[in-house]
Every structure is written in C-alpha cells, then in structure tokens.
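Take a look at the letters that make up each chain.
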Amino acid sequence: MRAVEDLVLDTLAATTAARRAAEGDRVDGVEPRFVASPTTTAEAAQVMRIAAEHGLAVVARGAGTKLSWGQPPERVDLVVDTSRLDQVVEHGAGDLVVHVQAGVRLDVLQEHLAGARQRLGADPVLPPAAGSGTAGGLIATATSGPLRLSHGAVRDLLIGVTIARADGTIAKAGGKVVKNVAGYDLGKLLTGSWGTLGLVTEAVFRLHPLPARARWVSVPVTSTAAAHEQAQRVLHSQVVPTALELDRPADAPATLAVLVEGIEAGVEGRVTTLLELLGGDAGVAGEAPPWWGRAPWAAGGVALRLTHEIAGLPRLLDAVDDAGRRYGLRPAVRGSAGVGVLYAALPTEAEPEAVAGFTRHLRDSSPAWSGDVVVLDAPPPVKASVDTWGPARGLNLMRRVKDQFDPQRRLAPGRFVGGI
Amino acid sequence: MKFDQASAGGSGLAGLTERLRGLLGPDSVIDDHQRLRTYECDGLAHYKVRPAVVVLPADAAGVVDTVRACAAAGVPFVARGSGTGLSGGALPHADGVLIVTSRLHRIIEIDPANQRAVVEPGVVNLDITRSAAADGYYYAPDPSSQQICSIGGNVAENSGGAHCLKYGFTTNHVTGAQFVAPDGEVVRLGGKAPDPTGYDLLGAIVGSEGTLGVVTEVTVRLVRAPEAVRTLLAAFPTMDEAGAATSAIIGAGVVPAAMEMMDALAIEAAEAAVHCGYPDGAGAVLIVELDGPAAEVEQQFAEVERHCRGHGAFEIRIANDDAERATFWRGRKSAFAAVGRISPDYIVQDGVIPRTVLAEVLRRIDELSRSTGIRVANVFHAGDGNLHPLVLFDDAVPGEAERAEEVSGAILDLCIEHGGSITGEHGVGSDKAKFMPRMFSESDLDTMQLLRCAFDPDGLANPGKVFPTPRLCGEVPGRHKGAHPLQETGIAEVF
C-alpha cells in the first residue's frame, strides 16, 4: 500500500510541487492523502489527469476561507492548492478587463487594479477573522457582498474561464471581451458549483472604474416593517445606491446603510436627498460601518444564506423572529437587503436539533418571501442533523450535468446540493 | 440529426401532426405547404428550410405538450419567437416541428416593489418597458429590433443592444424562467429572488440558442428609469480620431449608457435612407448617451465633450429634447437597413474586439476592403468593441458574393486574432457554426457538448445550430477523431 502511495506522490511531484497531506489540510474534517500545488493551467491539468488515472477524489483549495462551507466531501484524496496559481496574467486597463490565475488573492488583485483606478466589483462576504479569499474561491462559491446591487454578482462579472476537467482536459469558455455570445456560457455554470464540475485555473473578469467619492448614509430601523419601507424608499428613488445593506444584530437595534458613490458634487447631492428620504435619525459617514461586508457569524458558528424577493424582506425577517422564538435562538442577520441576499448567524453552541428546526421552519414559510434557505457552514453535529442545502429545483438536470462533467464523481463528491 | 423514422415509436411525423392537432386544436397546427413557407426563415433570409409542421400554442401548456410529443416521437423541434434573429438561430428543421411562441404574449405581472416583470416568451421586448413605464421602470436590454423581437428569442440569443455597455445583456436581467427540457421535464428555475440553490442552470440556458430546451415563462429585472438622459453627437474627420475619443472617455472612468460609432459609408447610407442630417464631411460620427443622477450626468457630459474636442471633433451637437435625441438615434438605428440604398446586397457581420485595438482592426478591415474591392461600412457599439461591419456586394456580378463572404469571414478572423469573439449579440445559429472551431479548440467545444448532452441526449432541441459537428452523446469525450462509427455504418448522420 505504501508503495502505491509513494508512486502516486512521485508521479504528482514529477509534475508540480506535491507532498503528503498534513493535519492542516483537512477539508471540513475529511483527511486527504496528497496536496499538489500547480503553477500553470497545464500543470493543473496534468495533476487532474494523474488524479483520474488513480481514481483520486479531488478538492480545490484557494485561501481556504470557505473550505468548510457546504457538506463535507464524502472523500478527499488530493487537495489541489491553487496558492501558486497567483499571477495577474493580463490587466487590460483600457478594456476594463483582467485575466487572472485562479489562486490570485482578491486583496492583492484589488490593490493592483486600484493602481489604474479600477476595481473588481465583487466583494465576497467572509467571516470576520478570515483573510482574503481567491478569485477561484469567489467563483466556486459565488458569494457576493454589498457591491452586487450596482455591479452585479460574480456570475455577471466573469466573462471568461479556463478549467481543467475531471479527466484533465483543458477547456475554456467565454473570452476577454465583455460582449460575447459565442457558445455556451460555461462560466455561469461553474460559478457557484463548489468545485464539483471542474477545476477553475484562470478567469477573466470585467472591471469597473473606482469612484472618486463614497459616502455611507445609515439609519436605525426599529421594526421589520420600517426596514422594508426605508429600503423600498431608497430603491425607488433617484439616488442610485451602490449598495443597500441591513445589519440586525442578535441583541442590538438594526441599521440600514446605503452606499452612494460617484463624483463629488453628485454624491453630496444624493446624500442630501437620502437624508431627507430616510428621516431625522439618518446620519452620514465617509467610512463604511464596521460590520459592512462582513459575515455576521464567528468562526465555527452556524452560517445561513437567506435569499428573498426584494419586497419579501419584512416577511422573511418576521419568519426569522418566529423561528428564533420557537427554537430558542437569537439570530443575527446581515446582508444585501437591496438585492435579496441576507446572511444569518446562529450561536456556535446552538443545539443541532434547534438549528434543524429553525431551518425547517424558515423553509416551510419561504413561499411568503420567495427565497431559499441554505446552511452554509456549521459545526459537524449540526451539519449531520440538518439538510444543509435544502430543496433545489431542477435537481434532476443538475445531476445530469454532474454526470457529464464528472462521470466518476471524483470532484468534491457529496459537497454540493442533493449529494452531488 | 436526420430524423430516423424507425426510432419514432412507429408514429412518425404524420402521426405526430395528428397528435399535435388533438393536443393543441386544429387551428394551432399548420402543415399546409403554402402556409409553411411563411416560417421558412428568420431574419437571416438567405437560409431557408421549410419546417415539416408549425405549431402555434396558445399557452405554456401547449408548448409543454408539443415538446413532450416530439420527445415521444423522437422528432426534432425548433422554437421561434418573432423571427428577427440574424444568425439563423430559429431556422426550422425540415423534418421537425417549429414551435412559434407569438401567441404567448401575456405580460403576467409588472411588480415594481420587487423590480421584476413576469412575462410569456412571445412578449415583445419593448412592451415590457411600455408596461413598466408608469411605475418609473424599464427593461434595459434593447436590441435594435426591440419594437418587434420577443423576449423568448432574447433569452435564447442572450441579446444585447446599445445600452449593454452600462446595463449588461439579457443574461444579467433574467432572474427566473419556466423551462421545458427536451425530454419534456418542466422545471422552474429561479424567480424573483437571486441565487437559487444549486447549479446556475438559468445562466447556462440564456444564450444557448434554443439547443437546451424552450422557456415558457420569463422573469426579468426591471431597472429604475434614470433621472436624466443626455445625448451628444460628435463628428470627426476620421475613424482613428473617433476611436481615440472613445478610449479617452472610457479611460477617464466614464461609463456611458451607450456609445455608438458610424463611418463615412454608413453615414452616407443613413443619409440616403432617413435624411438624419449628420454633419457634412464627417469621416466618423460618435453618439454618446449618458444617464443617471442629473448632477453626475451634467459633469460627465462636459467631460465627454472635452474629450471629443480634444481628439479632433469638428462639430458637436447636443440633444435638447427627446425629438432631437431621436434624430441622432434614427441614423444609427436605421443603418443596417439603410445600406440597401447604396448596395444591392450586403452581409451584416457581428464580431467583437477589445476596445483598445479598435483603430488597428478598423485599419485592417479597410485594407481588406481595398485589396478585394468589396466595400465595408462600419456601424458599431464602440463602447464594448462590438463591430457590425456591413459587407456590400452585388449578387449580379459573378464572383462578388463569394468575395464578400471571404471578406466577411476574414473580418471574423481579425476579431479572433485580436482576442475577440465571432459574435457579440446576434448568436452563432446556423450561420457561424463553421467558425466556432476558429475561436474554440476541439476540447472547448467538446466541453460545451457535455452540457448539451446533459440536457438533450437525443439532440432534439434545435439541432444543427451553434456547433459544427457535435459528438453524439454517450461517446467518450475527447477521443473522437474522424467519422463516428455510427456515421460510418449509416445508423446516424452528422447533424
């Protein structure tokens, strides 16, 4: 057995940096055997071919900030660590596009882009203690932060993608032009696919200019109805918010905060309009509130994603309160109320049964706000007791897609919806 | 795929037609040869195929019934909206059913509180905006044919338009759909909320040109109508200068709502057709539209004007009202049809390049034109590099049509060579399937086929479009070289 292990490791090491896995390489508690760290798409594809030849189950890892999200994989033999795939391949500043390797850290990338007064309009929500994620992780998990309201989600910003397929075939879709309808938009399919369809090695994103000025207008909201009314007021106005976020801590009053960006004169005018719209309690700041763009949970806590139709906000918040009362939980809720994506945090010490009941209760009432409830992250006993992903429409088609892309079920098996 | 009578459960097309009559009612099924001719092409009229049967379902259930009947009989089907497509994406199948969605034209719901509209696929694009206008909203993607094209066709082709530079394409504005897979399974994907759980199947379907199934209902995003809109028309001596102005504007961090350019030949055609009165002697005209909060628009407008003058604009006109704004746009929007005034025949090409190589590519197109004697008029979305060269020819001159085809293809090669795309908004359809291998490797195309096989293993949904030679589903990917064994034994034909 040892000899086979050595042989596989030697084969991997002949391609790229590879080593035996250590304690810190566990994927949501599951122990891998090897870690390979390719530096190019060609190397990554070769690693995937070796994995295919030896039947290795593969999980991709960027910065590891969301490695425990989703279901634990059924098995992991090989972690493909993308941290050495960290190059900005081409920044076409005049074309407002950037071509990167998947492992490029988003903070490094944003700093690079800021030099040309540009930014990638994706700001993933991360747990407070986590460092920056990577471009590949952004694509795999499709998490979007406040800027989504104005810039779109990750899916909308990704215009080209290169993958190494489960069998090691290199394939690309899209390209480096913003307007492009040649062939299937595989970038969308891969966005939010949690590493179950292929290993993303390179990506091309469209960019936006950095605004000259930014102002945050915040207002306390004392009820779910008030949160809704204020949000609707802003959305139907002419203030063109860049972001509209709600923060409702477990044990403190809630706040609605609106980001306005643009040229100096324009922003000041719109801030004045906003202050009038939102009433006397509203205040303005030149900096984001401390909670802005941060996930509401602590490391190791229970993390939920709650999507909703925009006007469903009060019904969703009321349902959260109902479910909380029923199961003795006080959830913190935060997120993009202007888009319809909120995140909720339950205490780390919450009983698995209570979390399961809370989740079930929300799902039962979800037709009232037309959204989904997903348990993104939780301690193992909680994940074991709750249907983390919940129901998904089109699951039959999703399974067929998975069967085509990964017929041997070796890419993050079991991590995604419906056991995919 | 050639319809194989033997595998159709014994019913065949005749049986299927009768079955469709029973399901949809006799008035919704056409198989009279004369009446079928109405449907033999879409907006790209030089491809013509008469469908075996046309159905006009009255509702979504009728579409589902039709797809299921086709699946049961193993008969291919093609969905068609208003038929305005310019790549032959809705070209019928000779042995198949054409599903026309024009009677599915209900706007089910305008929901300003959720900033969404729910519509049937046959609804005309502009009608969504008309219905939402009273609430201060509009539907942003605006193909030039928006007064007639259907939203179902827009979804199939991921249609664009002049305002996509700032507001994105159809795919950025569709949040939900009811969808019939080629085996008849009905799936509701997404809705008014974002990020439905699971794979982004909706994102895969939009722009798949009807090869993955048929949408029977669409939920779209509505956008708040802007506070201010300002439109400017700048005349330049040459295209180079207009191109430089475009780059300078974008480089300054301004994102116009639209940025359109026309060259001298396109201007000549537009003048001949609609007398738009563009400035005399212009080698290039640039139309820039800004929208948003009034204060922002005013300041950026001044900046745009400065960049235009700085790059040689000799005349700048500013629209003072909607009527003047419409005049600016009339020349641009009529340009395709207008070239008919200066040339008996023409090809509308649709390629994309990175904006920064605009000047170089336009020079190369000019060289191509000079060396072949084939005139090329350029009309395009300058902001996002989406070129629409109009390749002019006279079919009555022997060999000229072929030379025009060559020039047209060479322009696409130029786009690919410069890192661009063979289509920005018209789609691949029947027309450009043969160009796909120039832009994508065999592995790329093979990978796209994985998606096709997941949705449509029997190849019944709009076969023959997008891909030149799709592998047969079930075949081991990436190993296929030369003729397929099933082909060689005569069991299947290339489709």
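It should be emphasised that the depicted structure is a prediction, and the values quoted were computed from it without experimental measurement.

## Description of the overall build of chain A
Piece 1. Across its full length, chain A holds 13 helices and 19 strands.
Piece 2. In summary, chain A has a C-alpha radius of gyration of 22 Å against a globular reference of 22 Å for 420 residues, a match within 12%.
Piece 3. The dimensions of chain A, computed from C-alpha atoms along their principal axes, are 75 × 55 × 35 Å.
Piece 4. Residues counted as buried form 62% of the 420 residues belonging to chain A.
Piece 5. Restricting to contacts in chain A with at least 6 residues of sequence separation, those with at least 24 account for 72%.
Piece 6. Carbon and sulfur atoms provide 52% of the accessible area of chain A, an area that totals close to 14,300 Å².

## Side note on the overall build of chain B
Piece 1. For chain B, the count of helices and strands is 18 helices and 19 strands.
Piece 2. The C-alpha radius of gyration computed for chain B amounts to 23 Å, which stays within 12% of the reference 23 Å derived for 495 residues, consistent with globular compactness.
Piece 3. Long-range pairs, those at least 24 residues apart, make up 71% of the contacts in chain B with a sequence separation of at least 6.
Piece 4. In the form shown here, chain B has an accessible surface area of approximately 17,300 Å², with 51% of it arising from carbon and sulfur atoms.
Piece 5. Computed over 41 positive and 65 negative side-chain charges, the inter-centroid distance for chain B is 2 Å.

## Some points on the sheet that holds strand E15 (residues 283-285) of chain A
Residue and element names in this part refer to chain A.
Piece 1. Strands sit in the order E15-E12-E14-E13-E17-E18-E16-E19 across an open sheet of eight strands; the sheet is antiparallel. Each end of this open sheet is capped by a strand with a single partner; those strands are E15 and strand E19 (373-377). Taken over all neighbouring pairs, the strand axes of this sheet differ in orientation by 20 degrees on average, direction set aside.
Piece 2. Examined bridge by bridge, strand E17 (residues 332-336) and strand E18 (residues 341-346) share five bridges and lie antiparallel to one another. Within the sheet, the bridge partner assigned to Ser-336 lies in E18 and is Val-341.

## Here's the deal with the packing of aromatic side chains
Piece 1. All chains considered together, the criterion is met by 11 aromatic pairs over all chains.
Piece 2. Between the aromatic rings of Trp-194 of chain A and Trp-389 of chain A, the centroid separation amounts to 5.1 Å while the plane-to-plane angle is 85 degrees, which identifies the pairing as edge-to-face. Placement of the pair is Trp-194 of chain A in the loop between helix H7 (186-190) and strand E10 (199-206) and Trp-389 of chain A in the loop between helix H12 (380-385) and helix H13 (395-405), with a sequence separation of 195 residues. Each member of the pair, Trp-194 of chain A as well as Trp-389 of chain A, carries the same accessibility label: buried.
Piece 3. Considering the side-chain rings of Phe-179 of chain B and Phe-455 of chain B, the 5.9 Å spacing of their centres and the 80 degrees angle between planes classify their relative orientation as edge-to-face. Within this pair, whereas Phe-179 of chain B is found in strand E8 (residues 174-180), its partner Phe-455 of chain B is found in helix H17 (residues 442-455), the two being separated by 276 residues in sequence. The burial state of Phe-179 of chain B is the same as that of Phe-455 of chain B; both residues are buried.
Piece 4. Clustering of aromatic rings is evident, with ring pairs tying together Trp-69, Trp-194, Trp-297, Tyr-343, Trp-389 and Phe-416 of chain A together with Tyr-199 of chain B.
Piece 5. The ring centre of Tyr-137 of chain B lies 5.9 Å from the NZ or CZ of Arg-224 of chain B, which sits over that ring.
Piece 6. Sitting over the face of the ring of Phe-301 of chain B, Arg-230 of chain B holds its NZ or CZ atom 4.7 Å from the ring centroid.

## Considering the sheet that holds strand E3 (residues 58-61) of chain A
What holds strands together in a sheet is hydrogen bonding between their backbones, with the strands either parallel or antiparallel.
All names here are of chain A.
Piece 1. Strand order in the open sheet formed by four strands is E1-E2-E4-E3, and the pairing between neighbours is mixed. Two strands close off the open sheet at either side, each with one partner strand: strand E1 (17-20) and E3. Averaged over neighbouring strand pairs, the angle between their axes works out to 20 degrees when direction is ignored.
Piece 2. Two strands pair when backbone bridges link them, and E3 and strand E4 (residues 78-81) are joined in this way by four bridges, in the parallel orientation. Paired with Val-59 across the strands is Val-79, a residue of E4.

## Considerations on the state of the cysteines
Residue and element names in this part refer to chain B.
Piece 1. According to the stated counting rule, one finds one disulfide over all chains in the structure shown.
Piece 2. A sulfur-sulfur separation of 2.1 Å characterises the disulfide bridge that pairs Cys-453 with Cys-473. For the disulfide bridge between Cys-453 and Cys-473, the dihedral angle about the S-S bond is near -85 degrees, and by the sign convention the bridge is left-handed. Here the residue Cys-453 occupies a position in helix H17, and Cys-473 occupies one in the loop between H17 and helix H18 (485-488), the gap between them amounting to 20 residues.
Piece 3. The class for Cys-453 is buried, based on a relative accessible area of 4%.
Piece 4. Exposure remark for Cys-473: the relative accessible area of 27% places this residue in the partly exposed category.
Piece 5. Cys-41 forms no disulfide, and the closest cysteine sulfur to it belongs to Cys-149, at a distance of 17 Å.
Piece 6. Distance from the sulfur of Cys-308, which forms no disulfide, to the nearest cysteine sulfur (Cys-276) is 18 Å.
Piece 7. Overall, the relative accessible area of 0% leaves Cys-308 in the buried class.

## Focus on the domain arrangement of chain A
Residues and elements named next belong to chain A.
Piece 1. Its domain assignment divides chain A into domain 1 (1-210 + 389-420), domain 2 (213-285) and domain 3 (302-385).
Piece 2. Distance from the C-alpha centre of domain 2 to the C-alpha centre of domain 3: 24 Å.
Piece 3. Taken together, the contacts link 13 residues of domain 2 with 17 residues of domain 3.
Piece 4. Summing both partners gives a buried area of about 1,300 Å² for domain 2 against domain 3, and 54% of it is carried by carbon and sulfur.
Piece 5. In this assembly, domain 2 and domain 3 are joined by two salt bridges.
Piece 6. Across the salt bridge formed by Asp-321 and Arg-248, the nearest N and O atoms sit 2.8 Å from each other.
Piece 7. Summed over the shared surface of domain 2 and domain 3, the result is nine residue pairs in polar contact (both at pLDDT 80 or more).
Piece 8. Tallied by class, the residues present in the side of domain 2 that touches domain 3 amount to six nonpolar, three polar and four charged.

## A short note on the nonpolar core
Piece 1. The biggest cluster of nonpolar side chains holds 138 residues, and the ones touching the most others in it are Leu-120, Leu-189 and Phe-205 of chain A together with Cys-308, Met-436 and Phe-455 of chain B.
Piece 2. Counting residues per element, this core draws most heavily on helix H15 (residues 400-417) of chain B, which supplies seven residues.
Piece 3. There are two domains that each give this core at least three residues, and those are domain 1 (1-210 + 389-420) and domain 3 (302-385) of chain A.
Piece 4. Leaving out residues up to four positions away in the same chain, Cys-308 of chain B has contacts with Leu-232, Ala-234, Phe-236, Ala-245, Ile-249, Leu-286, Ala-313 and Ile-316 of chain B.
Piece 5. Ala-226, Leu-256, Leu-329 and Leu-362 of chain A belong to the second largest nonpolar core, which has 48 residues in total.

Cut-off values and rules
- Residues numbered from 1 in each chain as written.
- Chains lettered and ligands numbered in written order.
- Predicted model: local features only at pLDDT ≥ 70, side-chain atom pairs only at ≥ 80, totals over all residues.
- Heavy atoms only, no water.
- Helix = DSSP H or I, 4+ residues; strand = E, 2+ residues; numbered from the N terminus.
- Rg over C-alpha atoms; globule rule 2.2 N^0.38 Å.
- Buried < 20%, exposed > 50% of the residue type's maximum accessible area, 1.4 Å probe, protein only.
- Contact = heavy atoms within 4.5 Å.
- Areas by Shrake-Rupley, 256 points an atom, 1.4 Å probe, with all protein chains shown as cover.
- Lys, Arg positive; Asp, Glu negative; His and termini not counted.
- Charge placed at Lys NZ, Arg CZ, Asp CG, Glu CD.
- Pairing = 2+ DSSP bridges.
- Axes fitted to C-alpha atoms, helices over the stretch in contact; angles between N-to-C directions.
- Phe/Tyr/Trp six-rings, centres within 6.5 Å; stacked < 30°, edge-to-face > 60°.
- Lys NZ or Arg CZ within 6 Å of the ring centre and 35° of its normal.
- Disulfide = S-S within 2.5 Å.
- Domains from an automatic or database assignment.
- Buried area = accessible area lost by both parts, 1.4 Å probe.
- Salt bridge = Lys/Arg side-chain N within 4 Å of Asp/Glu carboxyl O.
- Polar contact = N/O pair within 3.5 Å; in protein donor to acceptor, adjacent residues only side chain to side chain.
- Nonpolar A, V, L, I, M, F, W, Y, C, P; charged D, E, K, R; others polar.
- Core = buried A, V, L, I, M, F, W, Y, C linked by side-chain atoms within 4.5 Å.

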